[in-house]
Amino acid sequence: MTDTTQHRHAPDGLILAIACIAQFMVVLDVSIVNVALPSMSVDLHFTLHSIQWVVNAYVLTYAGFLLLGGRAADLFGRRHVYLAGISVFVLASVLAGFAQSGGQMVAARALQGIGGAILSPATLTIIVTTFQGPRLPKAIGAWSAVAGAGGAVGGLLGGILTGWVSWRWVFFINLPLGLLALGGAVMYLREMRNQDATSKLDVTGAVLITGSLFAVVYGIVHSADAGWTASSTLSYLIGGVAGLLLFGYWEQKIASHPIMPFRILANRAVALANVTMLFTGASFFILWYFLTFYMQRNLGYGPVKTGFAFLPMAVGIIIGAQLSSRNMARLGSRPIAVFATGLATIGYWGLAQLPATGSYALHVALPGVIVAFAMGLLFSPLAQAATWGVDRSEAGLASGLLNTARQLGGSLGLSILGTIAYDRTQATLAQAGPLGAAAEGYRRGYLVVMFAMVLTIGVAAALGRDVGKTPAH
């Protein structure tokens, strides 16, 4: 990286703050909308099934363009990419806040995901090019902690904003934060660009993977209304699968600088870590999604109370992540990952017992905290395994791939499990009534997740015995 412009000198702490604020916003917007979904569905006329597109539109575009965004900072410079990403992200947040229809909301969320995909890798590039030596791990630790905090406090903050002001403020909150980060970057962030970078951006690959996944997810969601054998459903599913096959051919045979070099998956630890993260992402997203509707509709909680009800789970994630990172070097990835997936299986069995109107402590908090704690345990071993044995020059690609797997798993899991729950709800509505049928749907969804986690135990157990015990480089 070479410094190509002159800006006023800024303390390293200020540069770190500029990077961390932006990363906090990107991660926050995955979780902050959850508690707002029931209120949003009423105002924008979403159905219980279609409201998942508020989450999916953001996650799919974020995942599809994330690896592309990681390449952009090298080619165009960290400052230019950061400013572009945060501008798109803030603009899309404002558009989402003013949305008057479901279509406008989904379009704004998709644009917001693209902005996040550009912005998030740029924040890490800023840190890596600003801090050297022993200061770098501390800076990355702060960046990771802020990102974790964004996910953890999203439910609480979303509940407070929705209950005390309006659901629209879960998007408007990005405006003051974004303007603060944007102003700091304009004034103090120096441009740095890799002058030797010659790679081109694989825009075709990014569009192919994102469009194909949109088609697959839309086909799955559409099946709830039209049926699996309907021509419209099949056309989306077949088109999406064909697009994914075309993406694979493009990346391996045509693209000169592929966004997804498949050779990296020849590393067993990397491949297994990404498969595990794919299942983990699916299970993690559905935990918050179903419980949001269960607490607000079945238990009668308001948005604020729902936000606070998620707080023990957020604490569980933080504790799990801390315990995992502190014991990684001694235990390695495999035993922690196997224990965590086994623990998550137990937690989802508990959630699969949700009654129509149950006890928060017994039916929500206890199994929810078990699952959240298990997910916190999984972050460090999977991150370590996903970069194990990978050449230093491709470490960024490997870590970006893991993040992409988590987001894609979340989106696909939400669409599949949401459809399964919706079908079960509709099938039992006449017999069980609205609340009982909704609980039937949630139980069926969580039961499927439980069996998926059983399979994930086997995948985690296949990780090498020594993976994660000592640094690979």
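Throughout what follows, the structure given in this document is the object of discussion. Bear in mind that the values here come from a model prediction, so they are computed numbers and not experimental data.

Things to note about the packing of helix α1 (residues 12–31) against helix α4 (residues 78–97)
- Two numbers describe how α1 lies on α4: the axes approach to 12 Å, and their chain directions differ by 40°. Here α4 runs oblique to α1, going by the angle between their axes. As for the relative orientation of α1 and α4, their crossing is left-handed in sense. Together, I18, A22, M25, V26 and D29 of α1 and Y82, I86, F89 and V90 of α4 make up the contact between the two elements.

What about the packing of aromatic side chains?
- Per the stated rule, a full pass over the model turns up 17 aromatic pairs.
- Between Y289 and F290, the aromatic rings sit 6.0 Å apart at their centres with planes inclined by 50°, giving tilted as the arrangement.
- Overall, Y289 belongs to the buried group, its relative accessible area being 4%.
- Under the relative-accessibility criterion, F290 is labelled buried at 3%.
- Summarising the aromatic geometry, the rings of Y301 and Y360 are spaced 6.3 Å apart at their centres and angled 50° between planes, so their arrangement reads as tilted. Of this pair, Y301 sits in the loop between α11 (268–298) and α12 (303–309) while Y360 sits in helix α15 (residues 360–386), placing them 59 residues apart in sequence.
- Here Y301 falls in the buried class, since its relative accessible area comes to 16%.

Thoughts on the environment of Y294
- Mapped onto the elements of the fold, Y294 is located in helix α11.
- Relative accessible area serves as the criterion here: at 0%, Y294 is assigned to the buried category.
- Separated by 145 residues in sequence, Y294 and A439 have C-alpha atoms that sit 7.4 Å apart.

Details of the environment of A63
- If you trace the backbone, A63 turns up in helix α3 (residues 53–76).
- On the basis of relative accessible area, A63 is assigned to the buried category, the value being 3%.
- Between the C-alpha atom of A63 and that of A117, which follows or precedes it by 54 residues, the distance is 7.1 Å.
- Setting aside its immediate chain neighbours within four residues, A63 contacts T404, Q407 and L408.

What about the pattern of salt bridges?
- By the definition in use, this model includes 3 salt bridges.
- Between D29 and R109 there is a salt bridge, with the nearest N and O atoms lying 3.6 Å from each other. Placement of the pair is D29 in helix α1 and R109 in helix α5 (residues 102–130), with a sequence separation of 80 residues. Accessibility classification places D29 together with R109 in one group, the buried group.
- Each of the salt bridges in this network shares a partner with another, and the network as a whole consists of R424, E440 and R443.

Remarks on a nonpolar patch on the surface
- A cluster of nonpolar side chains, F308, L311, V315, I319 and L323, forms an exposed patch at the surface whose accessible area comes to about 410 Å².
- Per-element accounting of the nonpolar patch gives the leading share, 4 residues, to helix α13 (residues 311–331).
- In this structure, V315 sits in helix α13.

Looking at the packing of α11 against α15
- Running from N to C, α11 and α15 point in directions that differ by 155°, and their axes come no closer than 10 Å. Taken together, α11 and α15 sit at an angle that is classed as roughly antiparallel. In terms of crossing hand, the pair formed by α11 and α15 is left-handed. Here A269, V270, A273, T276, M277, T280, S283, F284, L287, L291, Y294 and M295 of α11 come into contact with α15, specifically with Y360, V364, G368, V371, M375, L378, F379, L382, A385 and A386.
- Split into classes, the residues belonging to the contact of α11 with α15 amount to 18 nonpolar, 4 polar and no charged.

Re the side chain of R79
- Here R79 is to be found in helix α4.
- The class for R79 is buried, based on a relative accessible area of 13%.
- At 2.9 Å, the side chain of R79 and the backbone oxygen of L189 are in polar contact.

Definitions and limits used
Each chain carries its own residue numbering, running from 1 in the written order of its sequence. In view of the model being predicted, local features appear only for residues whose pLDDT reaches at least 70, and side-chain atom pairs are presented and counted only at 80 or more, with totals across whole chains, interfaces and linings using the full set of residues. Working from all heavy atoms in the structure, the side-chain values ignore hydrogens and water. Lines fitted to C-alpha atoms define the axes, with helix axes restricted to the stretch in contact, and inter-axis angles between N-to-C directions lie between 0 and 180 degrees. A run of DSSP states H or I qualifies as a helix once it reaches four residues; a run of E qualifies as a strand once it reaches two. Both are numbered from the N-terminal end. For classification, angles of less than 35 degrees are called roughly parallel, those exceeding 145 degrees roughly antiparallel, those between 65 and 115 degrees roughly perpendicular, and all remaining angles oblique. Left-handed describes a crossing in which the near helix is turned anticlockwise from the far one by less than a right angle; the clockwise case is right-handed. Every residue pair with non-hydrogen atoms within 4.5 Å of one another is taken to be in contact. Ring geometry is summarised as follows: Phe, Tyr and Trp rings, the Trp one being its six-membered ring, pair when their centres sit within 6.5 Å, and such pairs are stacked at plane angles under 30 degrees, edge-to-face over 60 and tilted between the two. Exposure categories follow from relative accessible area, calculated using a 1.4 Å probe and restricted to protein chains: below 20% of the type maximum is buried, above 50% is exposed, and the middle band is partly exposed. We define a salt bridge as a contact between a side-chain nitrogen of Lys or Arg and a carboxyl oxygen of Asp or Glu at a distance within 4 Å. Patches here are clusters of residues that have more than 30% relative accessible area and form no salt bridge, with a 9 Å joining cutoff for like charges and a 5 Å cutoff for nonpolar side chains (Val, Leu, Ile, Met, Phe, Trp, Tyr). A 1.4 Å probe and the Shrake-Rupley method give the accessible areas. Residues count as covered only by the protein chains that appear here. Three categories are distinguished: nonpolar for Ala, Val, Leu, Ile, Met, Phe, Trp, Tyr, Cys and Pro, charged for Asp, Glu, Lys and Arg, and polar for the others, with Gly belonging to the last. A 3.5 Å cut-off defines polar contacts: any pair of N or O atoms within that distance qualifies, except that in protein one atom must be a possible hydrogen donor and the other a possible acceptor, and neighbouring residues in sequence count only when both atoms are side-chain atoms.

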